[in-house]
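# Structure at a glance
Each chain is listed here by its residues.
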Amino acid sequence: QVQLVESGGGLVQAGGSLRLSCVGSGRIFSNSAMGWFRQAPGKERELVAVMSWSGGTTYYADSVKGRFTISRDNAKNAVYLQMDSLRPQDTAVYYCNAKEVTPPMREYWGQGTQVTVSS
C-alpha cells in the first residue's frame, strides 16, 4: 500500500523558513508528478507547487512564487518544499500529493502537516 508521510511543519515567526519533507512508500515517485497543497481553516484546499515526474517542470501558485521551492529526490522517494519569507497567511495544513502520469493515474495524499506562521 502506498503511503506518503509528511514532516517538517511547525510554528515559525513571519519572515522565517521551514522545510517540509514527504517520503513515500512503494514505487510511485518515478511515475508521478509530485505536489504540495495546503488548506487553511474555512478555506478550500489549494495547490501550492507541483513538479513533474522528471523534475524538469515546476509550477507555483502566485502567492508563493519567489518564496517557496519544490524539489524531489526519486532515489529517496522524497519530495521537499522549502518555504522562505513565510507570512501569517501561509498558515495552513500542508499536504503532499502524488499523481501517476500513466494509466490508471492513481492519486495519493499524505496525512498533512501543520504550518503556523505568527506575526
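Residues numbered from 1 in each chain as written. Predicted model: local features only at pLDDT ≥ 70, side-chain atom pairs only at ≥ 80, totals over all residues. Heavy atoms only, no water.

### Side note on the overall build of the protein
When helices and strands are counted, the protein shows zero helices and eleven strands. Its helices and strands taken in sequence order, the protein reads β-β-β-β-β-β-β-β-β-β-β from the N to the C terminus. C-alpha extents for the protein along the principal axes are approximately 45 × 25 × 25 Å. Looking at the protein residue by residue over its 119 residues, the buried ones come to 43%. (Helix = DSSP H or I, 4+ residues; strand = E, 2+ residues; numbered from the N terminus. Buried < 20%, exposed > 50% of the residue type's maximum accessible area, 1.4 Å probe, protein only.)

### Re the pattern of salt bridges
Any two side chains of opposite charge can pair, given that their charged atoms come close. With the rule as written, the count across this model stands at five salt bridges. Among the ionic pairs, Asp90 bridges to Arg38, the shortest N-O distance being 3.0 Å. Taken together, the residues span a long stretch of sequence, with Asp90 in the loop between β8 (78-83) and β9 (92-100) and Arg38 in strand β4 (residues 32-39) at a distance of 52 residues. Through salt bridges with shared partners, one network takes in Arg38, Glu46, Arg67 and Asp90. (Salt bridge = Lys/Arg side-chain N within 4 Å of Asp/Glu carboxyl O.)

### As for unusual backbone geometry
Note that the residue after Pro103, namely Pro104, is joined by a cis bond; omega there is 5 degrees. Topologically, Pro104 is positioned in the loop between β9 and β10 (107-109). The backbone of Ser85 shows a phi angle near 50 degrees, a positive value even though the residue is not glycine. Along the chain, Ser85 turns up in the loop between β8 and β9. Despite not being glycine, Met105 has its phi angle at roughly 50 degrees, a positive value. One can find Met105 in the loop between β9 and β10. On the basis of relative accessible area, Met105 is assigned to the partly exposed category, the value being 43%.

### Considerations on the state of the cysteines
Counted by the stated rule, this structure contains one disulfide. In this model, Cys22 is linked to Cys96 through a disulfide, with the two sulfur atoms separated by 2.1 Å. Its S-S torsion of about -80 degrees marks the bond between Cys22 and Cys96 as left-handed, since a negative value means left-handed. Of the two residues, Cys22 sits in strand β3 (residues 18-24) while Cys96 sits in strand β9, which places them 74 residues apart along the sequence. (Disulfide = S-S within 2.5 Å.)

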